[in-house]
Amino acid sequence: MTISYAGEVPNGSSFGCFWRILCKWRGSVYKLVWRELLAYLTLYYTINLLYRFALTEQQQRIFEKVRQYFGAQSESIPMSFVLGFYVSLVVKRWWEQYKLLPWPDTLALFISAGIPGAVSKDETGRLMRRNIVRYAILAYVITLQRVSLRVKRRFPTWQHVVDSGLMLESERKVFEKMDGKSPMSKYWMPLVWATNIINRARKEGLITSDHIVQTLLVELSDIRRRLGALIGYDTVCVPLVYTQVVTLALYTYFVAALMGRQLVPPAPGSTSKYEPDVYFPLFTALQFCFYVGWLKVAEVLINPFGEDDDDIELNWLIDRHIKAAYMIVDEMHEEHPELLKDQYWEDVVPKDLPYTVASEHYRRHEPPCSADHYKVKAEDAVYANVQAPRKSHDETYADYESVDTPLVERRKNWFQRQISRMGSVRSASTAYSSGGLFGRNRHNSVVYSSPEAGQPVAPPPPHHKMSLYERLVGRKSGRGQHRQNSRHGGQKSNGSAIPITLRNRPRIPTPDVTKEVMDRENRIAMGMQNMGVIMTHQGYQNEVPVLGALVLSPIQEAEGGSLNNTLHAGQPGTTALAQAVLSPNMTKGMTPMLTAAPLPVTLSTLSMPQLTLINSTPSTPRPERVATPPRATVTEIPSDRDSESSADFARKGSKRGEVYV
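Residue numbering note: each chain is counted from 1, following its sequence as written. With the structure being a predicted model, the display of local features is reserved for residues of pLDDT at least 70 and the display and counting of side-chain atom pairs for 80 or more, all residues being used for whole-chain, interface and lining totals. Side-chain metrics in this entry use all non-hydrogen atoms of the structure; hydrogen atoms and water are not considered.

## Some details on the overall build of the protein
Scanning the protein for helices and strands turns up 19 helices and 5 strands. Counting the 661 residues in the protein, one finds 36% classified as buried. Any two residues having at least one pair of non-hydrogen atoms within 4.5 Å are treated as being in contact. Considering only residue pairs separated by 6 or more positions, the protein has 75% of its internal contacts joining residues 24 or more positions apart. Looking at the protein as shown, the accessible area adds up to about 41000 Å², and 59% of this sits on carbon and sulfur atoms. Secondary structure is summarised from DSSP: a helix means a run of H or I of at least four residues, a strand means a run of E of at least two, and numbering begins at the N terminus for each. Note on exposure labels: buried denotes an accessible area under 20% of the residue type's maximum, exposed denotes more than 50%, and partly exposed covers the range between, all computed with a 1.4 Å probe on protein chains only. Areas reported here follow the Shrake-Rupley algorithm with a probe of radius 1.4 Å; residue values treat only the protein chains shown as occluding.

Shown next as structure tokens:
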């Protein structure tokens, strides 16, 4: 097992924090390099003794020249560069292999929650839970048999696995039969069995959700992926040439050091720098320990599942996993302590957990962030630009505009723009079908509620003081209305007209209408009524006798109705509609500007719309009746009657749905 020493170095600020771990032997550098160091020193002293006692004086002079040459050339080998990259690669592989070892705890938790069944009542559920986790551990053991010498020594054959209880006799026969067909590793076979058990539990109703099945299968797939990756790391090692280069570089360097680091007395008459004649090469031995110890780290970690002191103890993990898995899915299945009120039930949130005397100095508050103490100057906190860029309401729209939520505007496509211009979306002056292709259920909105739905219009809320945000939104809406008025040539509104900005602004119906929107809609309705009365008294008394203004709500189309549901001046359908809804007394004395032949209208063709009648003079209520409709005149008053004739007005077109009689 990896040597753990973290508990012995808890405080790095203490004097000599790592000194106490230098005395450890197990897993230490001394244990790894002492044999190599002893062999190296033996060769060193053998060469030194031969120089001192076996060579003649002339031979000693030749040896000194060879020594000088080896000492100068040995430093040309880049030992730090070669060893550094190699050891870094090996350590990275070692840690990744450890992280790939699967733990069955998560799978056991999912199984315990997904497959119910008490221990004493439902044996089927218990059998399924225990077998699934057992198959996961069996796949784990079969994989480690191939990559770990420790596990192979513990389970050398299938019979040893059966004797341990991880495999049944019938399962062993299946493995032996499959081994006869193919000699490849079959660590995935127990996972296939576990998958089949999960599918069976779903078919039998023990698992009540497909999502639970997916969760369990994903966890099993993750275990298979990890086990396959472990086999891949074992079969695909670090390239052999890399390991050979590092090993040859290290040992060549120290072979050269055997000659170049010999401490010999200088020759008579030599001008070289004097070196003391010592009998132990201290720094050469230290350098040997460091470089060889560095290489030993790679040799130990290149196979983390071996028998070194720092290798992972897989046999202990196997024992731990089988106990924990059975405990989760069986012993603790559907069991938990009694539900009681916790200590902080009345306080809801505890102010602070208690500290002991030894831990009181560890009490800390929330650490501040880098910008917490930054102060913004008052002149820099003023809004630089609080208005959004001007955009045409005919080209863009905003989500949830009915509650004035300033969301990001998005460009509409060509088809949506055409629909918006045709008045099929939020056009109060156009008759449209409520059950067509683009029909919407507007019964949950006060703005879109119709008289046919039987929902009364909400009363206007009391006036409230506008906030800064509401004023800014109002200013933006005012600018949009001004642009729309200028685009339509400055046409005057009549008694049944809807403001252009309101007509051309598509809105998404929402279940909740804010106070501001309700107030705005009621103010618009009251303004239309007052405008109709004023225009009836003043605007058109000299030229066209205006008896009343009709405010038409959307007409519901019959099941076999036509898609052409827009009212136009001069059309027979428009004339027939006026004849059907106006009383005979109101149609007398009308001077026609645009006449049309009467068209019989029946109640089965059109559903009667709600009428808002604004008369110039008060009249006595009379019972409504539908008789033989007389001839009626339907016209639309141009916005500028002095500048253009009725023929020009009829040729250019008029506002749809605005009918004057």
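After presenting the structure, the write-up continues.
## Section: the nonpolar core
In this text, buried Ala, Val, Leu, Ile, Met, Phe, Trp, Tyr and Cys residues form a nonpolar core when linked through side-chain atoms within 4.5 Å. Counting 53 residues, the largest nonpolar core has Leu101, Ile111, Leu138, Tyr140, Leu144 and Leu314 as its most contacted members. When contributions to this core are tallied by element, the ones reaching two or more residues are α4 (105-114), α5 (123-147), α7 (158-164), α9 (189-203), α10 (210-235) and α13 (314-331). Per element, the largest residue contribution to this core is 13 residues, and it comes from α5. The residues touching Leu101, leaving out its near neighbours within four places in the chain, are Tyr140, Leu144, Arg226, Leu230, Phe305, Ile312, Leu314 and Leu317. In this structure, Tyr44, Val246, Leu263 and Tyr291 belong to the second largest nonpolar core, which totals 30 residues.

## Brief notes about the packing of aromatic side chains
Only rings of Phe, Tyr and Trp enter the pairing, Trp through its six-membered ring, and a pair is recorded when the two centres are within 6.5 Å. The plane angle decides the type: under 30 degrees is stacked, over 60 is edge-to-face, the rest tilted. Inspection of every chain in the model, using the stated rule, returns 17 aromatic pairs. Seen from their ring centres, Tyr40 and Phe288 are 4.7 Å apart, and the 20° between their planes marks the pair as stacked. In this pair, Tyr40 is assigned in helix α1 (residues 29-54) and Phe288 in helix α12 (residues 282-301), connecting sequence segments 248 residues apart. With centroids separated by 5.1 Å and ring planes inclined at 65°, the aromatic side chains of Phe81 and Phe85 adopt a geometry described as edge-to-face. Of this pair, Phe81 and Phe85 both sit in helix α3 (residues 79-100), separated by 4 residues, roughly a single helical turn. Assessed through its relative accessible area of 53%, Phe85 is described here as exposed. Chaining the aromatic ring pairs together yields one cluster made of Tyr40, Tyr253, Phe254, Phe288 and Tyr291. Charge-over-ring contacts are defined here by two conditions on Lys NZ or Arg CZ: a distance within 6 Å of the ring centre and an angle within 35 degrees of the ring normal. The ring of Tyr326 carries Arg130 above its face, with NZ or CZ at 4.0 Å from the centroid.

## So, a nonpolar patch on the surface
A cluster of nonpolar side chains, Phe15, Trp19, Leu22, Trp25, Val29, Tyr30, Trp34 and Leu38, forms an exposed patch at the surface whose accessible area comes to about 940 Å². Counting through the fold element by element, Phe15 comes out in the segment before α1. According to the relative accessible area criterion, Phe15 is exposed, its value standing at 73%. Patch membership requires over 30% relative accessible area and the absence of a salt bridge. Like charges are linked within 9 Å, and nonpolar side chains (Val, Leu, Ile, Met, Phe, Trp, Tyr) within 5 Å. Only one rule defines a salt bridge in this text: a Lys or Arg side-chain nitrogen within 4 Å of an Asp or Glu carboxyl oxygen.

## Thoughts on unusual backbone geometry
A positive phi angle, close to 55°, is found at Glu334, a residue other than glycine. Tracing the backbone through its elements, the reader meets Glu334 in the loop between α13 and β1 (396-397). Glu334 sits in the partly exposed class, given a relative accessible area of 47%. Positive phi values are uncommon outside glycine, yet Val348 reaches one of about 65°. Secondary-structure assignment places Val348 in the loop between α13 and β1. Since its relative accessible area comes to 66%, Val348 is described here as exposed.

## As for α13
The span expected for a helix works out to 1.5 Å for each residue beyond the first. Spanning 18 residues, α13 covers 25 Å between terminal C-alpha atoms, matching the ideal 26 Å at 1.5 Å per step. Taken residue by residue, α13 has Leu314, Asn315, Leu317, Ile318, His321, Ile322, Ala324, Ala325, Ile328, Val329 and Asp330 as its buried positions. The inward-facing, buried residues of α13 abut α4, α5 and α6 (149-154).

## Some words on the confidence of the model for the protein
pLDDT: the predictor's confidence for each residue, scored from 0 to 100. The predicted model of the protein averages 73 in pLDDT, with 57% of residues at 70 or higher. Contacts for the low-pLDDT stretch residues 395-403, under 50 throughout, to residues beyond four places or in other chains number 35 contacts.

## Some thoughts on the side chain of Asp311
Within the secondary structure, Asp311 sits in the loop between α12 and α13. A distance of 3.2 Å separates the side chain of Asp311 from the backbone nitrogen of Gly306, its partner in a polar contact. Pairing of N or O atoms within 3.5 Å defines a polar contact, subject to two protein rules: one partner must be a possible hydrogen donor and the other a possible acceptor, and residues neighboring in sequence count only if both atoms are side-chain atoms. From its side chain, Asp311 meets the backbone nitrogen of Glu307 in a polar contact 3.0 Å long.

## Here we look at the environment of Lys99
Mapped onto the elements of the fold, Lys99 is located in helix α3. Judged by its relative accessible area of 48%, Lys99 falls in the partly exposed class. On a C-alpha basis, the gap between Lys99 and Arg226 in space is 8.9 Å, while along the polypeptide they are 127 residues apart.

## Comments concerning the environment of Leu216
Positionally, Leu216 belongs in helix α10. A residue is classified by how much of its surface remains accessible, and Leu216, at 0% relative accessible area, is buried. Expressed as a C-alpha distance, the spacing of Leu216 and Thr195, which sit 21 residues apart in the sequence, is 8.5 Å. Aside from chain neighbours lying at most four places away, what touches Leu216 is Leu107, Phe110, Ile111, Ile198 and Ile207.

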